[in-house]
Amino acid sequence: MKKLLTIIGARPQIIKAAALNRAIRFKFPSQLTEVLVHTGQHYDHGMSDVFFEEMDIPKPNYQLSIGSETHGKQTGRMLEEIERVINLEKPDALVVYGDTNSTLAGALAASKLHVPVIHIEAGLRSFNKSMPEEINRISADHASTLLFSPTRSGLKNLQKEGFLTVDEARKNGKADIGNPYIFHCGDLMYDNTLFYGQMAESKSDIFVAHGIDKNNYLLSTIHRPQNTDDIKTLSTILWALNQISIENQVQIVLPLHPRTAHIIDQADDAQINSLTDNPLFKIIEPVGFLEMILLENHAKLVMTDSGGVQKEAFFMKKPCIILRQETEWIEIIESGCAVLAGSNPEKIKSGYQHFIRNQNLDYPSMFGDGNAAEFICSSIIEHLN
């Protein structure tokens, strides 16, 4: 029996962890056991607790309650607390997801204590090192022993950085931090979309509750610091969304991330304040995973700066306007199912018009077969010393 210590802290990590936890509990209960550690990076009910409840994930064994801080202070506190838990639990390996400060702290703490790191969602690159997430994911990759990439381009990125293929690495011996093994596994988010898709329909009262015109609205999420920390940038994006709504008489549904809500509350900006004059602009509270995939499934189009929501839109076969200058999910761009717009209002508006004109899009299968979690578990059992 191998003990895994899993670090989670943000919404996307909790969702991905649900798929792996489900596989451990129901497919590999005699071979793997999992200890969940929640850093508290996302710490309110709407961004954390609700996901455990509706996705039937066991409550974390450890709640570190770090909360919101500057990057250095938050990562430092996480590093200290995760190290303490590692020394208490003595796991066979530590699992991290994605690219948050929780990911970085977990990878650093484990590697310094000579505990193998398993990085799920490895190899993704936006090639923009001004983004904290890019630094986190690169650092985590290079501290890891087993690396699981959801895409083939992620695997190629790792090879370009000097990682060997599994066949090549095996010739050098067993997997360790000096001889890491890399895998293409498919996407855990796709596993979950398939698993929870039907269940999500039970949340359809959200449409009535918020006066949402089912199948006839645009869905948006905005939370990244580069879009929210500068009120002018945030105001510009919201103005562009509002113009699309007014000019095309279409609803915009915006589940508001807590950090974005806080910034809006503190701002005295005419363009933001004018949103209340448009009855088609629906700002709602954060939603759970089931409600989110329901909203994605019935939207005409998605506009987001979230990496996870980009993919979920693709899974639901919805075109996506990405409110960033770059994306780590380049396959979605290359498929023609998404466009990059950043915070440029003209690009956002032209992206909308492009997809209104071009609705016969092809959504190729490129995120696995819905069994990524089982592949990851099997690989851990086979290759973890």
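Reading the values: the criteria
- Residues numbered from 1 in each chain as written.
- Predicted model: local features only at pLDDT ≥ 70, side-chain atom pairs only at ≥ 80, totals over all residues.
- Heavy atoms only, no water.
- Helix = DSSP H or I, 4+ residues; strand = E, 2+ residues; numbered from the N terminus.
- Axes fitted to C-alpha atoms, helices over the stretch in contact; angles between N-to-C directions.
- Parallel < 35°, antiparallel > 145°, perpendicular 65-115°, else oblique.
- Left-handed = near helix turned anticlockwise from the far one by under 90°.
- Contact = heavy atoms within 4.5 Å.
- Nonpolar A, V, L, I, M, F, W, Y, C, P; charged D, E, K, R; others polar.
- Buried < 20%, exposed > 50% of the residue type's maximum accessible area, 1.4 Å probe, protein only.

Trainee: Tell me about the environment of Glu346, and please be specific about residues and values.
Mentor: Tracing the backbone shows Glu346 in helix 17 (residues 345-357). The spacing of Glu346 and Ala240 is 106 residues in sequence and 7.7 Å in space, taken between C-alpha atoms.

Trainee: Provide a residue-level description of the packing of helix 4 (residues 101-112) against helix 5 (residues 132-141), including the pertinent values.
Mentor: Running from N to C, helix 4 and helix 5 cross one another at 25°; their axes reach a closest spacing of 9 Å. When the interaxial angle is binned, helix 4 and helix 5 end up roughly parallel. Between helix 4 and helix 5 lies a crossing whose hand is left-handed. Two secondary-structure elements touch here, helix 4 through Asn101, Thr103, Leu104 and Ala107 and helix 5 through Asn136, Ser139 and Ala140. Looking at side-chain class alone, the contact of helix 4 with helix 5 contains 3 nonpolar, 4 polar and no charged residues.

Trainee: Would you mind going over unusual backbone geometry in detail, with residue names and values included?
Mentor: The phi torsion at Glu121 lies on the positive side, around 80°, for a residue other than glycine. Residue placement: Glu121 occurs in the loop between strand 5 (117-120) and helix 5. When its relative accessible area of 12% is taken as the criterion, Glu121 is described as buried. At Phe127, a residue that is not glycine, the phi angle is positive and equals roughly 65°. Tracing the backbone shows Phe127 in the loop between strand 5 and helix 5.

Read these as layout, nothing more, since geometry by itself doesn't imply function.
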